[in-house]
Amino acid sequence: MKISQLEIKNFRSIKHLVMKPRSLCALVGPNSVGKTNILKAIDLVLGEGWTTKAKVARELFYNPKEPIIIEINFNPSVEYTYVDRENQERKNIVNSIKLEMRLEPELFVKTTINNGQDFYYQENFKRQCHFIYIPAGRNLSDELRVSQWTMLGKLMRLIFENYIKFYGGDENKLKEDFAEKIKPAKEFLEKDFDNNSLTFKKFVDTFQKYFQMNSNTLATKILPKLNIYNLNWFYKTLQIHLREDFTEKDFDAEEVGAGMQNLLLISIFQTYAELMGGKVIFGIEEPEIFLYPNAQRNLYKSFQELSEKTQIFYTTHSPNFIDAYRAYEIEILQKTKEKGTINLPKDEKYLTEETAEKEKFRIYTHFNKERNELFFAKKVILVEGDADKIFWTTICEKRWNINLNEKGISIIECGGKGGVNYFVGICKLVGIQDYFAIWDEDNKEDYKPRKDWLNETKNSGKGIEIPGNLEKFLGLPEREEADKVKNAYKWAINENKEIPGLFLKVKEFLEKENK
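Note that the coordinates shown come from a computational prediction; the quantities given were computed from them, not determined experimentally. (Residues numbered from 1 in each chain as written. Predicted model: local features only at pLDDT ≥ 70, side-chain atom pairs only at ≥ 80, totals over all residues. Heavy atoms only, no water.)

Participant: Help me out: how do you make sense of the overall build of the protein in this one?
Facilitator: If you tally the helices and strands in the protein, you get 17 helices and 18 strands. For the protein, the C-alpha radius of gyration of 30 Å lies well beyond 24 Å, the compact-globule estimate for 515 residues. Expressed as lengths along the three principal axes of its C-alpha atoms, the size of the protein is roughly 100 × 60 × 45 Å. The contacts in the protein between residues at least 6 apart in sequence include a share of 70% that link residues at least 24 apart. When the accessible surface of the protein is totalled, it reaches about 28,400 Å², and 47% of it is carbon and sulfur. Side-chain charges in the protein split into 78 positive and 78 negative, and the spacing between the mean points of these groups amounts to 3 Å. (Helix = DSSP H or I, 4+ residues; strand = E, 2+ residues; numbered from the N terminus. Rg over C-alpha atoms; globule rule 2.2 N^0.38 Å. Contact = heavy atoms within 4.5 Å. Areas by Shrake-Rupley, 256 points an atom, 1.4 Å probe, with all protein chains shown as cover. Lys, Arg positive; Asp, Glu negative; His and termini not counted. Charge placed at Lys NZ, Arg CZ, Asp CG, Glu CD.)

Participant: For this particular structure, what's the right way to read the layout of surface pockets?
Facilitator: A water-sized probe rolled over the atoms picks out the places where empty space is left. Quantified by volume, the largest pocket comes out at close to 950 Å³. Considering the residues around the largest pocket, the lining is formed by 30 residues, among which Glu123, Lys126, Arg127, His130 and Glu161 are closest to the centre. Element by element, the count of residues in the lining of the largest pocket is highest for helix H4 (residues 151-166), at eight residues. (1 Å grid on protein atoms, 1.4 Å probe; cavity = no way out; pocket = protein on both sides within 12 Å on 5 of 7 lines; lining within 4 Å. Points joined across faces, edges and corners; volume = space filled by probe spheres on them.)

Participant: Is there a simple way to think about a nonpolar patch on the surface in this case?
Facilitator: Together, Phe188, Leu189 and Ile228 make up an exposed nonpolar region whose accessible area comes to about 290 Å². Residue classification places Ile228 among the partly exposed residues on the basis of a relative accessible area of 31%. (Patch = residues over 30% accessible without salt bridge, like charges linked within 9 Å, V, L, I, M, F, W, Y side chains within 5 Å. Salt bridge = Lys/Arg side-chain N within 4 Å of Asp/Glu carboxyl O. Buried < 20%, exposed > 50% of the residue type's maximum accessible area, 1.4 Å probe, protein only.)

Participant: Explain the side chain of Asn372 to me, please; I cannot follow it from the model alone.
Facilitator: Within the secondary structure layout, Asn372 lies in the loop between helix H10 (360-366) and strand E15 (379-383). Given the relative accessible area of 4%, Asn372 is considered buried. Dropping the residues within four chain positions of it, Asn372 is found in contact with Pro319, Ile322 and Phe367.

Participant: What is the right way to look at helix H7 (residues 258-275) in this model?
Facilitator: Because the α-helix completes a turn every 3.6 residues, residues three or four places apart line up on one side. Between the first and last C-alpha of H7 there are 25 Å, a value that for 18 residues agrees with the 26 Å anticipated at 1.5 Å per step. Here H7 has its buried residues at Gln261, Asn262, Leu264, Leu265, Ile266, Ile268, Phe269, Tyr272 and Ala273. (Expected span 1.5 Å × (residues − 1).)

Participant: Hey, could you run me through the packing of aromatic side chains in this one?
Facilitator: The tally for this structure, following the rule as stated, stands at 28 aromatic pairs. Each ring, one from Tyr82 and one from Tyr121, has its centre 4.2 Å from the other, and the planes form 15°; the classification is stacked. Of this pair, Tyr82 sits in strand E4 (residues 68-83) while Tyr121 sits in the loop between strand E7 (117-118) and helix H2 (122-128), and the two are 39 residues apart along the sequence. Judged by its relative accessible area of 18%, Tyr82 is buried. Taken together, a centroid distance of 5.3 Å and an interplanar angle of 80° make the contact between Phe119 and Phe125 edge-to-face. Assessed through its relative accessible area of 0%, Phe125 is described here as buried. An aromatic cluster of three or more residues is present, and its members are Phe269, Tyr272, Phe282, Tyr300, Phe303, Tyr314 and Phe321. (Phe/Tyr/Trp six-rings, centres within 6.5 Å; stacked < 30°, edge-to-face > 60°.)

Participant: Any chance you could explain the pairing of strand E14 (residues 340-343) here in plain terms?
Facilitator: In the case of a regular strand, side chains alternate between the two sheet surfaces. As paired elements, strand E13 (residues 330-336) and E14 share four bridges and run antiparallel to each other. Each bridged residue has a counterpart across the sheet, and for Thr336 the counterpart in E14 is Gly340. Linkage of E13 to E14, two consecutive antiparallel strands, is achieved through a turn of three residues. (Pairing = 2+ DSSP bridges.)

In structure tokens form, the structure reads like this:
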């Protein structure tokens, strides 16, 4: 069971968005672009509980005069059983589920399945398909407790229910056996072991004395029981402790730092995904939080393995959580004034597992963590080498007063003219539109790409070809690479040097705003 298509209309920052996510789906884009809104839309349909009129709020609507529509298609379909009013067991097959919400002309909320059918026995459906949303602002201490809302609590509840099934459905017999088994430990902890100090026995006796005194006016007599375990849910008292081998000390999970608590939460997430695979879809924001680089890469690898059994949506700002080899899993988001949040159109015919395997070694030689910034930037400048990169970085920041980091602009060193051509092709494949390429005219003998994108790029106004090369064009000596970098920087920072008119096309690109 996986989401094969997600369509969202008029929800928060999203005017209209259609997505065909893979088993692992990375949502990337700048802050406030709308990544969270995609996860919240899925959560509204498949998350805890069901959307009722009480959940409808004006801020959920992109346009309050239009309805919100969130439709999810599954492949394979979700099957669940239920017992009807005649006590007959039935099976239902859900191919799609649709939520519609309106504010006008009157408040309206309805969830339907399979193109308009009424949706009954929804709780049975949730047992076979539910969404767990882990936000960036997660309360780590709460998530490490056993409750009906946490992953840990859901697992412990299922274990308890399975134990009841093991007892043939006789819950009372299970509780009796448990009470008998735990009796020695209970007596040990509850005995009055010291006449002169506070014990659990003294606490219970005193508490019950005052409760009886305060409850004399009740219609029936009630006596509270103070158990060291929960008879109705054995595992509710589960607590996670950590032992540090070098000090041999035990620590309560709620007492350790946020980094360690996040590792525990991620471990619970991985456990849940493995044991509940096929019945759960995850949405996790910024999994890189609190993790050092090696741990980020390790978790991303775990995501890939877990996604073979369960679907995972995640937002990220970390190059360690994407891989150009798996570019078909990346959804690049952009927000404009006219369209709201959109996902950039990809070449889905080319971006496949098969093509990635064929291109595996080319991808490996072209991409690194720095070049992965291509997927995160608002705008991208593609240049040949290190001298070009320092030149254009300095021109932008020192001469044109453009703060590249503040504006989310990345200058990518592509490893030569062929590399610039390659990355132009990548931009076209994954739907990146805000790129500008800069390359040298020379090296024609060495430049023999399988497909030449550069002429088209220049003719469409998305690139410039520097006559000769950068050094010749600026009148710089052609030397070793280190000297080239130094000379390019010195020229760029020298305010007495007039910036060629050809280069102003780059400035125009950077200053142009998205509509």
